Every structure is written in structure tokens, then in C-alpha cells.
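# Notes for the structure review
Here's the letter readout for the chains.
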Number of protein chains: 2
Amino acid sequence: MRLAVLASGYGSNLQAIIDAIEREEIAGQVQVVISDVEDAYALERAKKHGIENLYINPREYKDREAFDRVIVALLLERQIELVVLAGFMRLLSPFFVRKFRGKIINIHPSLLPAFPGLNGVQKALSYGVRVSGVTVHFVDEGLDTGPIILQDSVPVLDDDTEHTLHERIHRVEHRLYPRAIQLFIEQKLRLEGRRCIHIEG
Amino acid sequence: MRLAVLASGYGSNLQAIIDAIEREEIAGQVQVVISDVEDAYALERAKKHGIENLYINPREYKDREAFDRVIVALLLERQIELVVLAGFMRLLSPFFVRKFRGKIINIHPSLLPAFPGLNGVQKALSYGVRVSGVTVHFVDEGLDTGPIILQDSVPVLDDDTEHTLHERIHRVEHRLYPRAIQLFIEQKLRLEGRRCIHIEG
């Protein structure tokens, strides 16, 4: 399957995906990595693995949709079948979501619907939860509101800082995201209302 | 420690607490069980264990606070040190919360702040989460908003119904609530902002 990864930052989830592909745990290839941040380390990672990497400057476009139209065109040209958001710090426009309906997934560092949006880890810590976690979900027009593919929990410890909790969450992310991608590739996900059922076998 | 349990229904958490006391896992005694429902089975359970049990009819009082004033008077008379809500289907008035500030705890069948209020299990299932759980928290003036004492997660399975998920959650509740009560009795809980830190040793 032809994958694209959109990332704004360090790209540790991109790396986990590349590694899982090399271990043949994901039956797909990352065709292109696209970033809205020029010096995103995710672009560097792509380069190191011989993957096409593109920076698109959002300031060159008049609005979100104009920016998204460029990205959608790049994805269509490359016949992308699954769009993987990996720390992509922009809400997709309805135009983008429509064009790839059911084919965009995101990972979020909390057990959604708790703590959507930015700084999920910090919000969970400030709220004082004892359990947090990771969510992989389909992207719809809302902010972290799409159907949930996988979740896993992590404990929040008494002496946790945002850093230590984020580290624990990252480790779960790097395990969970490749699994979710492979479930999608194997067509093992079926939506029943908002519930995402995993088909056996 | 002198405990009171407020319950509106079947009282399975009350039973778990009574059992934990008999196993000496809770260093306290339930002095009284109070219900707003005349035929609540929780009252029957109290009777069977020789615990004072009182039905207070909310329809005899002009508003929530008038009703709560009666309950608060009963609790004060009995020198109650911890008020345990166990399926008590009424929001406490600010008056009640003020009178027992930091001495009222509740159990909720979801990982708060997700799915507060009524029907937490059904809401979680409809939303399509893959992980849910149980929360024990201090009661403040809001609806399930107080500082969290303990949480534990449970998986949501593809073939779960509200019944099967609730069963799984109940089993965790019956383990978690006695632990939280004993932490309170041992004075091992310290609030830092909204975070409830567990003191070691």
C-alpha cells in the first residue's frame, strides 16, 4: 500500500513506521513525507531512508484550503492510499478530509475523547488523571473526533512530569501506530456507527 | 473511621466495601446507609449486615438543598468522617459539598473526564473507545469533576454490549473503591492543585 506521512516536527512516529516497514510488520511503503515546517527533522529522516520529502510553506497560501489543495494534489499524483498524520500540527480542511474520507489517520497522546487538541499530555497531567494513553483514530472534520481505531493506556505516576509522561506515551505510540496502519492495510477495520470493529482472521 | 454510604440502587459497591471491611482491608465501619429510593436493594444489604439503613424521600423536601440538609444533619449526628457515594443518583448541593469538603468520594464507570454524568458506560460504547475504565474521585460542586484518587482501565471488546462492558467495569470498581477508601483512611492522599498525590509508606 502507498502511504504518505505528514509531519511538522521531530518525526519519531515516522521513524517507528519506517522501522516497522523494514521489519515487514507493515505491508506498505512511505512514498512521500510532507511537512509544513522547513526544518522539521521528519524531512531529514525521510531523506536518510531515500524517501521523497517535501516542504510546503503555508504562508504562500491565502488560507487553509488553498494550502490543503496543494497537498491533496501531491497525494493524488502519487496515488496515495493512506494518509498518516504524525505530529502534523494543522487541522485539515473539510476539502482535504472529503478527498481522502476514511483514508486519513492520526495519533493523539491521550485517551480520546479526553484531552483533545494541543498539549494533550500536559492537559492530562494538570487535570490529575491516574491513567492516560494513546489513541489512533480516523480523521474527520472535527478536532480529534473521528472514529477510534486503537487505544492503549499508560499509568500516570505521582512523580511524573510532562517529559516523563510523554516518554512513556511515545513508547506506546511507536508500538500502536504501526499496528493500526497494518490493520488498515489488511482491511480489518469496519465502522459500525462510530465504533470501529476489528475483523478477525 | 466512621463511614456513611449513600446509594440509590443495587448497592454492589456497598457490598464490596462491607466485604473489604470484613476482610480487614478497610480500617473503618459503615455506620449508616442512606438512600433516596425506598426499595433500593442497598438498604436490604445494610439490614443483612446489621447496619443502620435510612430512606429519605426527596419528594418531601422543597428542593435539593432542603433534602441535603436532612442528610447532612444525619451524617453530623453520627460523626461521619467519610461520605461514600455508591450509585447515588443525585448531584449533591453546594451546601452538602461545603459541609463535607474533601470528605466525600464517588465512583464513576469511565475514565474521567471522559463520559461524565449518567450512562457513562453506554456513552463510552457509543463513542467507540477501545479503552474505558473506572474513576474514584473526590466530590466537588461539579458533575464528576473533582480531583481523581484512583483510576484503572478496562479494554472495550469488539463484541461488547453495555451489559458485558458494565460487568467488566463493575469487577474493577469492586477492587478499586475499597483501595481508595483505605488510602483516604491512612491519610495517604495529598492534593497538589487538582492532582491527588499518593504518599508512600
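Note that residues are indexed from 1 along each chain, following the sequence as it is written. The lettering of chains begins at A and the numbering of ligands begins at 1, in the order of writing. Reporting of local features is limited, given that this is a predicted model, to residues whose pLDDT is at least 70; pairs of side-chain atoms are given and counted only at 80 or more, and all residues count toward the totals for whole chains, interfaces and linings. In computing side-chain properties, one takes all heavy atoms of the structure into account and sets aside hydrogens as well as water.

## Quick look at the pairing of strand β5 (residues 104-108) of chain A
Residue and element names in this part refer to chain A. Only protein chains enter the accessibility calculation, which uses a 1.4 Å probe. A residue is then buried if its area is under 20% of the maximum for its type, exposed if over 50%, and partly exposed in between. Each helix corresponds to a stretch of at least 4 residues labelled H or I by DSSP, and each strand to a stretch of at least 2 residues labelled E; elements are numbered beginning at the N terminus. In terms of burial, β5 is largely enclosed, as five of its five residues are buried. Examined bridge by bridge, strand β4 (residues 82-85) and β5 share three bridges and lie parallel to one another. In the strand pairing of β5, valine 84 is matched with isoleucine 105. You can see the chain leave β4, run along helix α4 (residues 94-99) and come back into β5, and the turn it takes is right-handed. Paired strands, as defined in this entry, are two strands with at least two bridges between them according to DSSP. With the strands aimed away from the viewer, a crossover counts as right-handed if its path from the first strand over the helix to the second runs clockwise.

## Quick word on the packing of helix α1 (residues 12-22) of chain A against helix α6 (residues 162-185) of chain A
Residue and element names in this part refer to chain A. It is at 9 Å that the axes of α1 and α6 come closest, and there the two elements cross at 50°. Regarding the angle of α1 to α6, the classification is oblique. Relative to α6, α1 is oriented so that their crossing is right-handed. In contact with Ser12, Asn13, Ala16, Ile17 and Ala20 of α1, α6 contributes His170, Glu173, His174, Tyr177, Pro178 and Ile181. Polarity classes work like this: nonpolar for Ala, Val, Leu, Ile, Met, Phe, Trp, Tyr, Cys and Pro, charged for Asp, Glu, Lys and Arg, and polar for all others, with Gly in that last group. In the contact of α1 with α6, the residues fall into six nonpolar, four polar and one charged. As a rule, the C-alpha atoms of each element are fitted with a line to give its axis, helices using only the stretch in contact, and angles between N-to-C directions run from 0 to 180 degrees. Oblique is the label for any angle not under 35 degrees, not over 145, and not in the 65 to 115 range, which are roughly parallel, roughly antiparallel and roughly perpendicular in turn. Handedness of each helix crossing follows the sense of rotation of the near helix against the far helix: counterclockwise by less than a right angle gives left-handed, clockwise gives right-handed. Residue contacts follow a heavy-atom distance rule, with two residues in contact if any of their heavy atoms lie within 4.5 Å.

## Looking at the sheet that holds β4 of chain A
Strand pairing in a sheet is mediated by backbone hydrogen bonds. Such pairs are either parallel or antiparallel. All names here are of chain A. The strand order across the open sheet formed by seven strands is β3-β2-β1-β4-β5-β6-β7, and the pairing between neighbours is mixed. Because the sheet does not close on itself, it has two edges, and the strands there are β3 (52-55) and β7 (148-155). With direction set aside, neighbouring strand axes in the sheet form an average angle of 20°. In terms of strand pairing, strand β6 (residues 131-138) meets β7 through seven bridges, oriented antiparallel. When the sheet's bridge partners are listed, valine 134 is paired in β7 with aspartate 152. Here helix α2 (residues 41-48) sits on the sheet and contacts β2 (29-35) and β3; the angle it forms with β3, its principal contact strand, is near 155°.

## Considerations on empty space enclosed by the protein
Buried and open spaces are told apart on a 1 Å grid over the protein atoms alone, a cavity being a set of points where a 1.4 Å probe fits but cannot get out and a pocket being an open set with protein on both sides within 12 Å along at least five of seven lines. Residues with an atom within 4 Å of a point are the lining residues. Grid points are joined across faces, edges and corners, and a volume is the space filled by probe spheres set on the points. One pass over the full model with this rule turns up three cavities of 30 Å³ or more. Each pocket or cavity is described by its volume, and for the largest cavity that value is around 110 Å³. What lines the largest cavity is a set of 17 residues, and nearest its centre among them are Leu111, Leu112 and Ala114 of chain A together with Leu111 and Ala114 of chain B. When contributions to the lining of the largest cavity are tallied by element, the ones reaching two or more residues are β6 of chain A together with β6 (131-138) of chain B. Looking at the lining of the largest cavity residue by residue, the classes come out as 15 nonpolar, two polar and no charged. Considering only enclosed or pocket space, the second largest cavity measures out at about 50 Å³ in volume. Lining the second largest cavity, in full, are Gly128, Val129, Arg130, Val156, Leu157 and Asp158 of chain A together with Arg195 and Cys196 of chain B. The residue makeup of the lining of the second largest cavity, split by class, is four nonpolar, one polar and three charged.

## Structural notes on the pattern of salt bridges
Definition used for salt bridges: Asp or Glu carboxyl oxygen within 4 Å of a side-chain nitrogen of Lys or Arg. All chains considered together, the criterion is met by 26 salt bridges over all chains. Among the salt bridges present, the one from glutamate 25 of chain A reaches arginine 23 of chain A, with a minimum N-O distance of 2.7 Å. Relative accessible area serves as the criterion here: at 42%, glutamate 25 of chain A is assigned to the partly exposed category. Arginine 23 of chain A sits in the partly exposed class, given a relative accessible area of 48%. Between arginine 101 of chain B and glutamate 141 of chain B there is a salt bridge, with its nearest N and O atoms 2.8 Å apart. Placement of arginine 101 of chain B in the loop between α4 (94-99) and β5 (104-108) and of glutamate 141 of chain B in the loop between β6 and β7 (148-155) is noted, with a sequence separation of 40 residues between them. What makes arginine 101 of chain B partly exposed here is its relative accessible area of 46%. Among the ionic contacts, a cluster of salt bridges with common partners joins Glu52, Glu77 and Arg78 of chain A.

## Focus: the packing of helix α1 (residues 12-22) of chain B against helix α2 (residues 41-48) of chain B
Angle between the axes and distance between the axes: these two values describe a pair of packed helices. Residues and elements named next belong to chain B. Running from N to C, α1 and α2 cross one another at 20°; their axes reach a closest spacing of 9 Å. One way to sum up the angle between α1 and α2 is to call them roughly parallel. Two packed elements cross with a definite hand, and for α1 against α2 that hand is right-handed. Across the interface between the two elements, Ser12, Leu14 and Gln15 from α1 touch Ala42, Arg45 and Ala46 from α2. Split into classes, the residues belonging to the contact of α1 with α2 amount to three nonpolar, two polar and one charged.

## Focus: the interface of chain A and chain B
The partner chain B presents 29 residues to the 29 residues of chain A that form the contact. Linking chain A to chain B there are zero salt bridges. N or O atoms within 3.5 Å of each other form a polar contact, as long as, within protein, one can give a hydrogen and the other can take it, and as long as residues adjacent in sequence are counted only when both atoms are side-chain atoms. Inspection of the chain A/chain B interface yields 19 residue pairs in polar contact (both at pLDDT 80 or more). Within the residue set of the side of chain A that touches chain B, elements represented by two or more residues are α5 (120-127), β7 and β9 (195-198) of chain A.

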